[in-house]
Amino acid sequence: MQFINNTKILAGRIPPKVFVEVEDYAKEGRRREDPLGDPAVTSLKEEYRCEIPPKFLAFLQETIHTFFDLHKDECGFYGITSDKIQLTDMWVNVMKKGDTHSPHIHGRSLYSFVLYINTTDNDAPFYYIEDGNLNSLGIHSGSQSMIMIFPSTMIHGVYPKTSDPERISVSGNISIRFDT
């Protein structure tokens, strides 16, 4: 895992056993078709809630605690250990040709992520705004099992998908649990 040059986006490949677990949970979320319920103006046509995979949660807790500091002393949160990092919600995204995801942020959380389950060559790029600049990251067939974790306040979206095969990704929000 490493930060993409000069950004607040941490990117890398998740462990194979964790990926298989998330892939299974994404398939089940898609099968159940429990809509996420985001406003139609920003939402994809197919976004379905997923259960939270335990191995993936442990991976996120350790990764975020190691690489990020929004939940640490230097940002005013004292004594937060990795077990206080919680994945508050997770959903599967299905993009088809012509789909786009408008610019948005994720409220009521510190961190957000996208994990690519199924991608194709020349897939729709992920874009984000940082320091007032619009940037994009290419997504292609090699992006499968790649995760990007970023501050929830980062404006981001997906350019229109121009190819036929579906793109499947999983996204979610991460918060801090303050109970004792």
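Refer to the structure above for everything that follows.
Residues numbered from 1 in each chain as written. Predicted model: local features only at pLDDT ≥ 70, side-chain atom pairs only at ≥ 80, totals over all residues. Heavy atoms only, no water.

A.B. asks: Please clarify how the sheet that holds strand S10 (residues 155–158) should be interpreted in this entry.
C.D. replies: Strand pairs in the sheet, formed through backbone hydrogen bonds, run parallel or antiparallel to each other. Taken in spatial order, the 4 strands of this open sheet run S5-S10-S7-S8, and their pairing is antiparallel. Edge positions in the open sheet fall to strand S5 (101–104) and strand S8 (133–139), since each of these has one partner strand only. Neighbour-to-neighbour, the strand axes of the sheet open up by a mean angle of 15°, direction not taken into account. Relative to S10, S5 runs antiparallel, the two sharing 2 bridges. If you follow His101 over to S10, its bridge partner there is Val158. (Pairing = 2+ DSSP bridges. Helix = DSSP H or I, 4+ residues; strand = E, 2+ residues; numbered from the N terminus. Axes fitted to C-alpha atoms, helices over the stretch in contact; angles between N-to-C directions.)

A.B. asks: Would you mind going over the pattern of salt bridges with me for this structure?
C.D. replies: For the coordinates displayed, the defined rule picks out 7 salt bridges. Residue Lys161 is joined to Asp123 by a salt bridge in which the shortest nitrogen-to-oxygen separation is 2.8 Å. Of this pair, Lys161 sits in the loop between S10 and strand S11 (167–176) while Asp123 is found in strand S7 (residues 123–130), placing the two residues 38 residues apart along the sequence. What makes Asp123 buried here is its relative accessible area of 4%. Note that Asp123 is salt-bridged to Arg167, the shortest N-O span being 3.6 Å. Taken together, the residues Asp123 in strand S7 and Arg167 in strand S11 connect sequence positions 44 residues apart. Across the pair, exposure class does not vary: Asp123 and Arg167 are buried alike. (Salt bridge = Lys/Arg side-chain N within 4 Å of Asp/Glu carboxyl O. Buried < 20%, exposed > 50% of the residue type's maximum accessible area, 1.4 Å probe, protein only.)

A.B. asks: Is there a simple way to think about the sheet that holds strand S4 (residues 85–95) in this case?
C.D. replies: Strand order in this open sheet of 7 strands is S1-S2-S9-S6-S11-S4-S3, and the pairing throughout is antiparallel. Lying at the two open borders of the sheet, with one neighbouring strand each, are strand S1 (2–3) and strand S3 (46–49). Bridge count for S3 against S4 is 4 bridges, and the pairing is antiparallel. Along S4, the bridge assignment pairs Tyr48 with Val92. Strand contacts of helix H2 (residues 54–67): S1, strand S2 (10–13), S4, strand S6 (111–118), strand S9 (146–151) and S11, with the helix running at about 115° to S4, the strand carrying the most contacts. (Contact = heavy atoms within 4.5 Å.)

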